[in-house]
Protein chains: 2
Amino acid sequence: MATLKALAREAGVSIRTVNRVLKSQGYVGGETRRLVEAAVAKLGYQPNLAARSLKTAKSHIVAVLAFASDEPRMAQVAALERHLREAGYLVSVTFHLESGDGKQGARVVRELVGQHPAGIVLVGSGQHDPHPLWHILPALVAPLSAARMPYVVLDPRGEPAQACDAVKIDRGQGVREAVLFLARERGRKRIAFFGPTDDRTRLDGYEAALRVLGREPILLDFPGLEAAAQREAGRKLAALPVKARPDAVVVHADPIALSFLAGLHDGGVRVPQEVALVGFDDRPAAALAWPPLTTVAQPSAEIGKAGAAILLRKIAGERSPRGGWSQVLPTRLVVRETT
Amino acid sequence: MATLKALAREAGVSIRTVNRVLKSQGYVGGETRRLVEAAVAKLGYQPNLAARSLKTAKSHIVAVLAFASDEPRMAQVAALERHLREAGYLVSVTFHLESGDGKQGARVVRELVGQHPAGIVLVGSGQHDPHPLWHILPALVAPLSAARMPYVVLDPRGEPAQACDAVKIDRGQGVREAVLFLARERGRKRIAFFGPTDDRTRLDGYEAALRVLGREPILLDFPGLEAAAQREAGRKLAALPVKARPDAVVVHADPIALSFLAGLHDGGVRVPQEVALVGFDDRPAAALAWPPLTTVAQPSAEIGKAGAAILLRKIAGERSPRGGWSQVLPTRLVVRETT
DNA sequence: TTGTACGCGTTATCAC
DNA sequence: GTGATAACGCGTACAA
């Protein structure tokens, strides 16, 4: 493991000169430079990051705290990692998959802060978590703000009670687009919504679209996060007389849509002929379903990229604007065979 | 950011004494110890890991190189991370999702080695990669061995040409179990296999089970990794007369099984009544399919745990046994509704 | 039982 | 243009 000292000896110059060549700062004689570069190549020099961190009092590590490990989330992290790597940072990932309230999460955040990374990224909790990220977010962000630690939240899935720096996606817009598509391109008359009603992000888009269409919302009873119960809801809907039944259902999320779809199949309803279906997230399961599920895709790569950009600005010392950084990215309707 | 020096001043003792209390090594007077502990609590001391790494010439970072970001893989990484965290290591993750041959991978490995982590973990490439991990593994492991960098491979999905330290799973056993289940518990007479034939891991188990049953293997033509082609294969099978058709199909992997299942549905075949189906991996999509897919689950959490254990032993300096560390973990049949 | 002092590899200030 | 050299915070050999 070559050091600056070894390079200096090899090139027959001082440490300081080697350092100047490597940092290309100040003037160095052409011949001297060539000598140093030859030494670097010969010894295969790699800087010691621990020493650099110690000296500069700056970490080269960005810590990601992941509350989920599902495909869309990890795609976000992968994109974030790529952009941060290009900026010279190493990305560490800590998983905290056990669902819990804000207190446990805050403890983990404090532990991470104690390791003095250059910044911290919070990546959202999964679908089935009774404590969604936006809900426990104030408790998580408090220690970060207190320590003045640069941070960013990737897609908190809702509006946190307190302003924070986050990359958001416009769920409402995607759902609105889906509803209008069902009505205008597919001629559906009775478009219902299936999902929890305490999360407004998608519901708002649904209701806005129905207002545009001049129709009344149809909210199907949501039985909770159990897949079996969602499937049963699909069966119940299938048992309804055709006249009393919606001819399209927009669903809160892909896993819920697929459980519901299974119930429709159980009941012998033809999809999309009798009932059309739209999910949300574009998980791998959506493309693999039968029929392949039309869904609203989130821009995972862009979320990661935007998160990296915000974090790098905060690390560079830029102050958050009033109300926090808040980039809102569009979602995209992916039309498959359930519509 | 409190330092040892600050603690020493606060407690009115020397740095060395503070250090002894923190490391609980050697004897320290009871009163002195209490003073130091009070100072630690008051200043909220957290050791500077960069300084520690510099001094001890030991890294506290384990680098994970991930060639995929799918759910089962990330579950392995999450488990690995948890166990390494408990051992005091920080886990950094580098994603290298662009499918490529061994040369690009080897370059990334060399870059990681240059950062001098305590160890490196290789996590496998995805289903659809034309260069599966076990295939490019020799090129990846060479620079690791050359640098004497502790490493471990999580589930290389095949037998690499060269011995290396890896956690493997017994795919053959899971498939064998599935075939015997179909024959004995479900009375299936004509059990076929659908998947690539250049990967022997699952095929071997299939053939072994048929030998036990005294039957001839039925290998369905595999059209390649395109989902549309796999679906078409399902349709073709559905079009066959019932007598010429297998009554059960064991498939190489869940995504392939689900595409094939879609083709069966397209062709009006009832699953499992007419044709039973078994996948491999237990991806989230399997449970969400209709009908929910019976599949062979890999023990993700155990893979991560075993990988952490092997890596920690290598970091501690234990030499690899002849032929490399090689823990083989069992797979488990998850019976759902396609059988 | 406690304290002093050195060095890990890097960066950056100062003098030549 | 270049070379000494002093820190950064921690761990530990050696003194006291």
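Residues numbered from 1 in each chain as written. Chains lettered and ligands numbered in written order. Predicted model: local features only at pLDDT ≥ 70, side-chain atom pairs only at ≥ 80, totals over all residues. Heavy atoms only, no water.

### A few points about the protein's contact with DNA strand C
Contacts to DNA strand C come from 24 residues, most closely from Arg-52 of chain A together with Thr-17, Arg-20, Thr-32 and Lys-55 of chain B. Interatomic distance of 2.9 Å between a side-chain N/O atom of Arg-16 of chain A and a base oxygen of DNA strand C. Here a phosphate oxygen of DNA strand C sits 3.3 Å away from a polar atom, N or O, in the side chain of Lys-23 of chain A. When contributions to the surface near DNA strand C are tallied by element, the ones reaching two or more residues are helix H2 (15-23) and helix H4 (49-56) of chain A together with helix H2 (15-23) and helix H4 (49-56) of chain B. For the surface near DNA strand C, the per-class residue count stands at nine nonpolar, eight polar and seven charged. (Near = heavy atom within 4 Å. Polar contact = N/O pair within 3.5 Å; in protein donor to acceptor, adjacent residues only side chain to side chain. Helix = DSSP H or I, 4+ residues; strand = E, 2+ residues; numbered from the N terminus. Nonpolar A, V, L, I, M, F, W, Y, C, P; charged D, E, K, R; others polar.)

### Notes on the pairing of strand E9 (residues 276-281) of chain B
Residues and elements named next belong to chain B. Here E9 lies mainly inside the structure; six of its six residues are buried. Pairing geometry for strand E8 (residues 248-251) and E9, over three bridges, is parallel. Residue pairing in the sheet places Val-250 in a bridge with Val-278 of E9. At this point the chain moves from E8, through helix H11 (residues 254-266), to the parallel E9, and the crossover so formed is right-handed. Across four bridges, the pairing between E9 and strand E10 (residues 294-297) is parallel. (Buried < 20%, exposed > 50% of the residue type's maximum accessible area, 1.4 Å probe, protein only. Pairing = 2+ DSSP bridges. Right-handed = clockwise from strand over helix to strand, strands pointing away.)

### Side note on the packing of aromatic side chains
Residue and element names in this part refer to chain A. Applying the stated criterion to the full structure yields six aromatic pairs over all chains. A ring pair is formed by Phe-193 and Tyr-206, whose centres lie 5.5 Å apart and whose planes are at 40 degrees; its orientation type is tilted. Within this pair, whereas Phe-193 is found in strand E6 (residues 191-194), its partner Tyr-206 is found in helix H9 (residues 200-213), the two being separated by 13 residues in sequence. An angle of 35 degrees between the planes, with centres 4.6 Å apart, marks the rings of Phe-194 and Phe-260 as tilted. One end of the pair, Phe-194, is in strand E6; the other, Phe-260, is in helix H11 (residues 254-266), and 66 residues separate them in sequence. Like Phe-260, Phe-194 is buried. Every member of this aromatic cluster is reached through a ring pair, and the members are Phe-194, Phe-222 and Phe-260. The ring of Phe-280 carries the charged tip of Arg-202 above its face, separated from the ring centre by 4.9 Å. (Phe/Tyr/Trp six-rings, centres within 6.5 Å; stacked < 30°, edge-to-face > 60°. Lys NZ or Arg CZ within 6 Å of the ring centre and 35° of its normal.)

### Here's the deal with the interface of chain B and chain A
Of the residues lining the interface, 41 residues belong to chain B; the matching set on chain A comes to 41 residues. Together chain B and chain A conceal approximately 3600 Å² of surface at their shared face, both sides included; 65% is due to carbon and sulfur atoms. On the chain B side of the contact with chain A, Phe-95, Leu-288 and Trp-290 of chain B bury the most area, a combined 18% of that side's loss. For Arg-231 of chain A, the salt bridge goes to Glu-337 of chain B, with nearest N and O atoms at 2.9 Å. Inspection of the chain B/chain A interface yields 12 residue pairs in polar contact (both at pLDDT 80 or more). For the side of chain B that touches chain A, the elements supplying multiple residues, two or more each, are H4, helix H5 (71-86), strand E2 (90-95), H11 and helix H12 (284-288) of chain B. With seven residues, the single largest contributor to the side of chain B that touches chain A is H5 of chain B. Residue composition of the side of chain B that touches chain A, grouped by class: 21 nonpolar, 11 polar and nine charged. (Contact = heavy atoms within 4.5 Å. Buried area = accessible area lost by both parts, 1.4 Å probe. Salt bridge = Lys/Arg side-chain N within 4 Å of Asp/Glu carboxyl O.)

### A short note on the protein's contact with DNA strand D
Of all residues adjacent to DNA strand D, which total 22 residues, the nearest are Thr-17 and Arg-20 of chain A together with Leu-4, Tyr-45 and Arg-52 of chain B. Counted by atom, the contact set of DNA strand D within 4 Å of the protein is 62% sugar and phosphate. Here a base nitrogen of DNA strand D sits 3.2 Å away from a polar atom, N or O, in the side chain of Arg-16 of chain B. Here Asn-48 of chain B contributes a backbone N or O atom positioned 3.2 Å from a phosphate oxygen of DNA strand D. Those elements giving two or more residues to the surface near DNA strand D turn out to be H2 and H4 of chain A together with H2 and H4 of chain B. Among the residues making up the surface near DNA strand D, the classes are represented as eight nonpolar, seven polar and seven charged.

### Concerning the environment of Pro-117 of chain B
All names here are of chain B. Locating Pro-117 in the fold gives a position in the loop between helix H6 (102-114) and strand E3 (119-123). Its relative accessible area of 9% is what places Pro-117 among the buried residues. Distance in space between the C-alpha atoms of Pro-117 and Leu-140 is 16 Å, their sequence separation being 23 residues. Leave out the neighbours within four places in its chain, and Pro-117 touches Ser-59, Ile-61, Ala-63, Leu-112 and Met-149.

### Focus: the relation of the copies chain B and chain A
Superposing chain B onto chain A requires a rotation of 180 degrees together with a translation of 0.0 Å along the rotation axis, leaving an RMSD of 0.1 Å. Taken together, these values place the two copies in the relation of a two-fold axis. With an isologous cut-off of 70% or more, the 100% of interface residues of chain B that recur at the interface of chain A puts this contact in the isologous class. (Least-squares fit on C-alpha atoms with pLDDT ≥ 70 in both.)

### A look at the side chain of Asp-155 of chain B
Residue and element names in this part refer to chain B. One can find Asp-155 in the loop between strand E4 (151-154) and strand E5 (166-169). Among the polar contacts made by the side chain of Asp-155, one reaches the side chain of Arg-171 at a distance of 2.9 Å. Residues contacting Asp-155, with those up to four places away along its chain left out, are Arg-73, Gln-76, Val-167, Ile-169, Arg-171 and Gln-298.

### Looking at the nonpolar core
Counting 52 residues, the largest nonpolar core has Val-121 of chain A together with Val-121 of chain B as the members making the most contacts within it. Not counting residues up to four positions away in its chain, the partners in contact with Val-121 of chain B are Val-62, Ala-63, Val-64, Leu-65, Leu-80, Val-152, Leu-154 and Leu-311 of chain B. Core analysis: the next-biggest nonpolar cluster, separate from the first, contains 48 residues, Ala-238 and Leu-277 of chain A together with Leu-237 and Ala-286 of chain B among them. (Core = buried A, V, L, I, M, F, W, Y, C linked by side-chain atoms within 4.5 Å.)

### Let's talk about the sheet that holds strand E12 (residues 332-334) of chain B
All names here are of chain B. Read from one edge to the other, the open sheet built from six strands follows the order E7-E6-E8-E9-E10-E12, with strand pairing classed as mixed. A single partner strand is all that each edge strand has here, and the edge strands are strand E7 (218-219) and E12. Sheet strands in contact with helix H9 (residues 200-213) are strand E6 (191-194), E7 and E9, and its direction is about 170 degrees off that of E6. (Axes fitted to C-alpha atoms, helices over the stretch in contact; angles between N-to-C directions.)

### As for the sheet that holds strand E12 (residues 332-334) of chain A
Residue and element names in this part refer to chain A. The strand order E7-E6-E8-E9-E10-E12 describes an open sheet built from six strands, whose pairing is mixed. Both outer strands of the open sheet, strand E7 (218-219) and E12, are each paired with one neighbouring strand and no more. Sheet contacts for H9: E6, E7 and strand E9 (276-281); angle to E6, the most-contacted strand, approximately 170 degrees.

### Things to note about the domain arrangement of chain A
Residue and element names in this part refer to chain A. Split by domain assignment, chain A resolves into domain 1 (4-46), domain 2 (57-169 + 300-330) and domain 3 (171-297). Placing a centre on the C-alpha atoms of domain 2 and another on those of domain 3 gives a separation of 31 Å. In this assembly, 10 residues from domain 2 lie in contact with 10 residues from domain 3. In this assembly, domain 2 packs against domain 3 so that about 1100 Å² is buried in total across both faces, 52% of it on carbon and sulfur atoms. Scanning the region where domain 2 abuts domain 3 turns up three salt bridges. A salt bridge links Asp-155 to Arg-171, with the shortest nitrogen-to-oxygen separation between them at 2.9 Å. There are three residue pairs in polar contact (both at pLDDT 80 or more) connecting domain 2 and domain 3. (Domains from an automatic or database assignment.)

### Considering helix H5 (residues 71-86) of chain A
For H5 of chain A, spanning 16 residues, the distance from its first C-alpha to its last is 23 Å, which sits close to the expected 22 Å at 1.5 Å a residue. Positive backbone phi, at 95 degrees, marks Gly-88 of chain A, one or two positions downstream of H5 of chain A. (Expected span 1.5 Å × (residues − 1).)

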